[in-house]
Amino acid sequence: MKLQAPAKWHPASWRRRPVAQQPDWPDPCQLSRARAVLAAAAPLVTAAEARGLRRTLALVADRRAFVVQAGDCAEPFGGEAVRAARAKSLILARLSDQFGARLGVPVVVVGRLAGQFAKPRTALSEVIDGRLVPTFRGLAVNAPEPLVSARRPDPGRMLRAYGTARAVLAELRSALWTSHEALLLDYEEALVRSGPGAGEWYLSSTHFPWIGDRTRQVDGAHVAFLSGVTNPVACKIGPDAEPESVVDLCARLDPHRSPGRLTLICRLGVNAVRHRLPELVEAVREAGHPVVWLCDPMHGNTRRTQHGVKTRWLSDIAGEITACREILTERGEWLGGLHLELAGDDVTECVGGDVTGEEDLSRRYTSLCDPRLNNKQAMSLTTLLG
Ligand code: PEP
Ligand code: CO
């Protein structure tokens, strides 16, 4: 495994690149104080753990294991996060048993937790109850209440994010690997630590950071940032991604063509997957990158009800998984796993199974951001594979 960062890479080198989706922190002094506290804080995960996951993902690239990566779209803070993470670890264990039995390979369980506190947003502001307010960007940035004051970015929240991640890890460390979108670069940069090898840096905020679909610009800050850490990294791929730009991303993030280093998480949507995925898979294969292919059947299938409530249909989710697997299999590739948003609770946020229609959604809709599967809905997906 080559573990050196590219020449001249430094945790702050992303600052020379165009950066998308960062909050406009109102108080620079508060921001530097929060960054200093994080820079001095204990690492949340170790370099050895990150390497261990990278080796495990190499087995997935070699078709010898399957990944189930799942959790909230946006995590809560404090004791609620610990409770929610515990619930997720239980459903993740059940999913792992079922997928393992059906596929006949070990399952790598990755929580979307202990750090999933920052959200990319399409719009800067939104209208709620007739009031125009800035959008909610995850609890590491602002508060969800629809008030201008609550939506003001507060750098002190990054410290609460760190504290919550630490509490969640203390509870679950032995049960699973952690992952989140490495979106908020002031937070992530402060948690880079030097690794044991010469020129080695690793991200201590999580085992498995990913780049979102809105921040995957090849010359942008997020790609530059994750190109230098030795953790296994992932990148979301949406329906606008062209094969050439995906190959360029692979070259930046996986220059040594190292199995386990790079995972591509496709979230193309049930309508685009058959048209878009084949050329992406072929281009990446031709370029010789041994990536892990995951299917995120959630983010390309979000819709709004006539009342403006965000939801997803289980039938679309199942349709994208099935198509994704067929396309990969026909090309001799391995569907390495699924990336899901699930609550671990009996929520009614997606339509399908025991949530029989959109009129059921208001019964128990508690997500801070995107609609998540409940346990029954998530378990029903295990019948699609194997
Ligand atoms: C997410 O994972 O919650 C998300 C915003 O995904 P994407 O970057 O794929 O849109
Ligand atoms: Co989401």
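Since we're looking at a predicted model, the values are computed, not measured. (Residues numbered from 1 in each chain as written. Chains lettered and ligands numbered in written order. Predicted model: local features only at pLDDT ≥ 70, side-chain atom pairs only at ≥ 80, totals over all residues. Heavy atoms only, no water.)

Caption draft 1: Representation of the overall build of the chain in the model. Of the regular secondary structure elements, the chain holds ten helices and 14 strands. Scaling as 2.2 N^0.38, a compact globule of 386 residues should have a C-alpha radius of gyration of about 21 Å, and the chain matches this with 20 Å. Overall, the chain is about 50 × 50 × 40 Å in size when its C-alpha atoms are taken along their principal axes. Per-residue burial over the chain gives 60% buried out of 386 residues. Put simply, the chain shows about 15200 Å² of open surface, and 51% of that area lies on carbon and sulfur atoms. (Helix = DSSP H or I, 4+ residues; strand = E, 2+ residues; numbered from the N terminus. Rg over C-alpha atoms; globule rule 2.2 N^0.38 Å. Buried < 20%, exposed > 50% of the residue type's maximum accessible area, 1.4 Å probe, protein only. Areas by Shrake-Rupley, 256 points an atom, 1.4 Å probe, with all protein chains shown as cover.)

Caption draft 2: Spatial organisation of the site of ligand 1. Every residue near ligand 1 is listed here: Cys73, Arg112, Lys119, Pro120, Trp210, Gly212, Asp213, Arg214, Lys236, Arg267, His299 and Glu341. The separation between an oxygen atom of ligand 1 and a polar main-chain atom of Asp213 is 2.8 Å. Arg267 is positioned with one of its side-chain polar atoms (N or O) 2.6 Å from an oxygen atom of ligand 1. With the chains in place, 98% of the 290 Å² that ligand 1 exposes on its own is no longer accessible. A class-by-class count of the residues in the shell around ligand 1 yields three nonpolar, two polar and seven charged. (Near = heavy atom within 4 Å. Polar contact = N/O pair within 3.5 Å; in protein donor to acceptor, adjacent residues only side chain to side chain. Nonpolar A, V, L, I, M, F, W, Y, C, P; charged D, E, K, R; others polar.)

Caption draft 3: Region of interest: the side chain of Arg137. When you line up the elements, Arg137 lands in the loop between β4 (131-134) and α4 (156-172). Buried and without a salt bridge, Arg137 has Glu181 as its closest oppositely charged side chain, separated by 9.4 Å. Those residues in contact with Arg137 that lie beyond four places of it in its chain are Gln21, Phe117, Ala118, Lys119, Arg121, Ala123, Leu124 and Asn142. (Lys, Arg positive; Asp, Glu negative; His and termini not counted. Salt bridge = Lys/Arg side-chain N within 4 Å of Asp/Glu carboxyl O. Contact = heavy atoms within 4.5 Å.)

Caption draft 4: Expanded view of unusual backbone geometry. Phi at Ala114 is positive, roughly 60°, even though this residue is not glycine. Within the secondary structure, Ala114 is located in the loop between β2 (107-112) and β3 (125-128).

Caption draft 5: Spatial organisation of the coordination of the cobalt ion (ligand 2). Only Cys73 (SG), His299 (NE2), Glu341 (OE) and Asp370 (OD) from the protein coordinate the cobalt ion (ligand 2), and they sit 2.1 to 2.4 Å from it. The sequence pattern describing where the donors of the cobalt ion (ligand 2) fall on their chain is C-x225-H-x41-E-x28-D. Pair noted here: Cys73 is in the loop between β1 (66-71) and α3 (78-103) and Glu341 is in strand β14 (residues 335-341), with a separation of 268 residues, a long-range link. With respect to class, Cys73 is no different from Glu341; both count as buried. (Donors = N, O, S within 2.8 Å, 3.2 Å for Na, K, Ca; no water.)

Caption draft 6: Molecular detail of the pairing of β2. The buried fraction of β2 amounts to six of the six residues, a majority that puts the element mostly inside the structure. Of the two faces of β2, the one carrying Val107, Val109 and Gly111 and the one carrying Val108, Val110 and Arg112 are both buried. Both β1 and β2 contribute to a ladder of six bridges, which runs parallel. Note on β2: the bridge partner recorded for Val67 is Val108. In this region the chain leaves β1, passes through α3 and returns to the parallel neighbour β2; the handedness of that crossover is right-handed. Pairing of β2 with strand β5 (residues 177-181) involves two bridges; the strand directions are parallel. Of the residues in β5, the one forming a bridge with Val110 is Trp177. (Pairing = 2+ DSSP bridges. Right-handed = clockwise from strand over helix to strand, strands pointing away.)

Caption draft 7: Main features of the environment of Cys350. Structurally, Cys350 can be placed in the loop between β14 and α10 (375-380). Looking at Cys350, the relative accessible area reads 0%, which means it is buried. Spatially, the C-alpha atoms of Cys350 and Val105 are 29 Å apart, while their sequence positions differ by 245 residues. Residues within four places of Cys350 in sequence aside, it is in contact with Thr311, Arg312, Val355, Leu361, Pro371, Arg372, Leu373 and Gln377.

Caption draft 8: Helix α8 (residues 273-287), seen in detail. Taking 1.5 Å per residue, 15 residues should reach 21 Å; α8 reaches 21 Å between its end C-alpha atoms and fits that length. Phi turns positive one or two residues past the end of α8, at Gly288, with a value near 80°. (Expected span 1.5 Å × (residues − 1).)

Caption draft 9: Spatial organisation of α3. The end-to-end C-alpha separation of α3 is 36 Å, in line with the 38 Å expected for 26 residues at 1.5 Å each. Just past α3, the residue Gly104 takes up positive phi, approximately 70°.

Caption draft 10: Representation of the sheet that holds strand β8 (residues 208-211) within the structure. Strands sit in the order β1-β2-β5-β8-β9-β10-β11-β14 around a closed barrel of eight strands; the barrel is parallel. Strand-to-strand twist of the sheet, defined as the mean angle between neighbouring strand axes without regard to direction, takes the value 25°. Taken together, the two bridges between β8 and strand β9 (residues 233-237) define a ladder with parallel strand orientation. Residue Ile211 lies in a different strand from β9, and its bridge partner there is Cys235. In this fold α8 packs onto β9, β10 (262-266) and β11 (292-295), with an angle of close to 165° to the strand it touches most, β11. (Axes fitted to C-alpha atoms, helices over the stretch in contact; angles between N-to-C directions.)

Caption draft 11: Structural context of the nonpolar core. Membership of the largest hydrophobic core comes to 112 residues, with the highest contact counts inside it found for Phe66, Leu264 and Leu373. Filtering out sequence-adjacent residues up to four positions away, Leu264 remains in contact with Cys235, Ile237, Val246, Cys250, Val284, Val291, Val292, Trp293 and Leu294. (Core = buried A, V, L, I, M, F, W, Y, C linked by side-chain atoms within 4.5 Å.)

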